[in-house]
Amino acid sequence: MEKYDVAIIGGGSAGLAALKQLSTLGKQAVLLEAGEKVGVKNISGGILYSKKPNNGRVYNVEDIYGQNFVNEAPLQRKITQYLLHATSKDKVFSMDLTAAHEYQSNFGYSVLMNELNAWFAQSADESAQKCGGGIVPGVHVNDISWDAMQDQNFQQHSCIKVSKLL
Ligand SMILES: Cc1cc2nc3c(=O)[nH]c(=O)nc-3n(C[C@H](O)[C@H](O)[C@H](O)COP(=O)(O)OP(=O)(O)OC[C@H]3O[C@@H](n4cnc5c(N)ncnc54)[C@H](O)[C@@H]3O)c2cc1C
């Protein structure tokens, strides 16, 4: 049975950020993804924001992937104006939502998720491999056994059951 400090189920943006951050902290983490590769289910994109709330703290992509994120990651365009157009026959009604878009925001970029998730995965996998972990695609997690097992150092472990799809 293979043992890791942390097992992450699912290689979406959340799981990949967890893998990257845990590896940065020196934890041996493995990420199990049901798809044959990470991002295989991504079909569209949207706007990726970095926020700066007036109260509290959020972890943005650049906190996880480094302050050079916007220069290195496959981003499409920086969104500088946000207009919503409603059309009806020969009429167009436009609303300028730029102020809402810029509210407590460092930036917003349009992204294609299959490209961005592949980049997240490469970065997270490289960091994880340095700690003896990594991404294992084609594995569907069927069950998590919460019955804690104790090792000889009295440390608690949990067990996950998987089926290999490939
Ligand atoms: C149409 C649409 C438009 C959106 N637009 C935006 C936008 O513009 N900006 C924005 O920030 N967000 C947007 N979102 C939201 C964003 O896509 C989600 O918040 C984000 O993908 C959630 O990431 P996640 O890692 O939690 O989950 P997911 O991306 O859903 O990833 C979950 C992963 O877990 C895997 N998995 C599931 N079960 C198992 C299992 N049992 N074993 C192994 N692996 C498993 C799946 O294969 C998948 O890869 C949009 C969402 C949708 C649906």
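Refer to the structure printed above.
Since this is a predicted model, take the numbers as computed values, not measurements.

Visitor: Could you clarify how one ought to interpret the overall build of the protein in this entry?
Guide: Helix and strand counts for the protein come out as five helices and nine strands. Ordered by position from the N terminus, the helices and strands of the protein form the series β-α-β-β-α-α-β-β-α-β-α-β-β-β. Buried residues in the protein amount to 20% of all 166 residues. Long-range contacts, defined as pairs at least 24 residues apart, comprise 63% of the intrachain contacts of the protein with a sequence gap of at least 6.

Visitor: Even after reading the chapter, I still don't get the site of the ligand, so can you show me in this structure?
Guide: Of all residues adjacent to the ligand, which total 18 residues, the nearest are G10, G12, A14, A34 and G46. Listed by contribution, the elements that provide at least two residues to the shell around the ligand are α1 (13-24), β2 (29-33), β3 (45-51) and β8 (139-150).

Visitor: How should I be thinking about the sheet that holds strand β1 (residues 6-9) in this particular structure?
Guide: Note on sheets: strands pair through backbone hydrogen bonds, and any given pair is parallel or antiparallel. Read across the sheet, three strands follow the order β1-β2-β7 without closing on themselves; strand pairing throughout is parallel. Looking at which strands have only one partner, the edges of the open sheet turn out to be β1 and β7 (134-137). Each strand of the sheet is rotated relative to its neighbour by a mean of 20 degrees, with strand direction disregarded. Across four bridges, the pairing between β2 and β7 is parallel. Looking at β7, one finds that V30 is bridged to G134.

Visitor: How should unusual backbone geometry be read in this particular structure?
Guide: Excluding glycine, residues mostly have negative phi values, and the peptide bonds linking residues are mostly trans. Look at K89: it is not a glycine, yet its phi comes out positive at around 50 degrees. Turning to its location among the elements, K89 is positioned in the loop between β4 (83-88) and β5 (91-96). In this model, Q104 sits at a positive phi of 50 degrees, which is unusual for a non-glycine residue. Looking at Q104, the number of C-beta atoms within 10 Å reads 11, which means it is exposed.

Visitor: Hey, could you run me through the environment of D63 in this one?
Guide: Inspection of the secondary structure puts D63 in helix α2 (residues 61-65). Judged by the 14 C-beta atoms lying within 10 Å of it, D63 falls in the partly exposed class. Separated by 42 residues in the primary sequence, D63 and Q21 have C-alpha atoms spaced 9.1 Å apart.

About the cut-offs
Residues numbered from 1 in each chain as written. Predicted model: local features only at pLDDT ≥ 70, side-chain atom pairs only at ≥ 80, totals over all residues. Helix = DSSP H or I, 4+ residues; strand = E, 2+ residues; numbered from the N terminus. Buried ≥ 20, exposed ≤ 12 C-beta atoms within 10 Å, placed from the backbone. Contact = placed C-beta atoms within 7 Å. Near = placed C-beta within 6 Å. Pairing = 2+ DSSP bridges. Axes fitted to C-alpha atoms, helices over the stretch in contact; angles between N-to-C directions.

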